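Spelled out from the first residue to the last, the chains are:
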Amino acid sequence: MLNEILSGWKNFIQKSEVTENTARKRAALCALCPHAAKGKLLIFIKDDLKEIQGSYCNVCKCPLSAKVRSNDICPENKW
Ligand code: SF4
């Protein structure tokens, strides 16, 4: 899972249109998910996807800014 999240941070920095389109759809699902939680340290990471800015998944513990841009899967199979 570490490799997937690192790839997500790489995509966070190097934003491509395909990645951002996919990330936007995933972020919309995460924003409605009861497993999305606010992380205290993550508030310092600014994200164009405001609906998930500062949040992490409390199932896999991954920051959502990287998670939605990674080649990982949602642990609850929502995307
Ligand atoms: S990755 Fe899946 S389980 Fe985690 S917050 Fe997003 S939709 Fe919910």
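Our subject in this report is the structure included herewith. Note that the structure is predicted; figures quoted are calculated from it, not measured.

What follows is about the pattern of salt bridges. Summed over the entire model, instances satisfying the criterion amount to 3 salt bridges. We note a salt bridge from Arg 69 to Asp 47, for which the minimum N-O separation is 2.9 Å. Of this pair, Arg 69 sits in the segment after helix H3 (64-67) while Asp 47 sits in the loop between strand E1 (36-38) and strand E2 (55-57); the two residues are 22 residues apart in sequence, bridging distant segments of the chain. Overall, Asp 47 belongs to the buried group, its relative accessible area being 1%. Two residues, Lys 67 and Asp 72, come together in a salt bridge whose shortest N-O distance is 2.9 Å. For the pair Lys 67 and Asp 72, one class covers both residues: buried. Look at the salt bridges and you will find they share partners, linking Glu 20, Asp 47 and Arg 69 into a network.

Bringing the environment of Ala 23 into the picture now. Relative to the helices and strands, Ala 23 is located in helix H2 (residues 17-31). The class for Ala 23 is buried, based on a relative accessible area of 0%. Residues Ala 23 and Gly 39 lie 16 residues apart in sequence; the distance between their C-alpha atoms is 19 Å. Once residues lying within four places of it in the same chain are set aside, the contact partners of Ala 23 are Leu 49, Val 68 and Arg 69.

On to the environment of Ala 28. As for its position among the elements, Ala 28 is in helix H2. On the basis of relative accessible area, Ala 28 is assigned to the partly exposed category, the value being 37%. In this structure the C-alpha to C-alpha distance between Ala 28 and Leu 49, which are 21 residues apart in sequence, comes to 9.0 Å.

Here the focus is the site of the ligand. Around the ligand sit Cys 30, Cys 33, His 35, Ala 36, Cys 57, Cys 74, Pro 75, Glu 76, Lys 78 and Trp 79, and that is every residue in its neighbourhood. Residue composition of the shell around the ligand, grouped by class: 7 nonpolar, 1 polar and 2 charged.

What counts, and where the lines are drawn
- Residues numbered from 1 in each chain as written.
- Predicted model: local features only at pLDDT ≥ 70, side-chain atom pairs only at ≥ 80, totals over all residues.
- Heavy atoms only, no water.
- Salt bridge = Lys/Arg side-chain N within 4 Å of Asp/Glu carboxyl O.
- Helix = DSSP H or I, 4+ residues; strand = E, 2+ residues; numbered from the N terminus.
- Buried < 20%, exposed > 50% of the residue type's maximum accessible area, 1.4 Å probe, protein only.
- Contact = heavy atoms within 4.5 Å.
- Near = heavy atom within 4 Å.
- Nonpolar A, V, L, I, M, F, W, Y, C, P; charged D, E, K, R; others polar.

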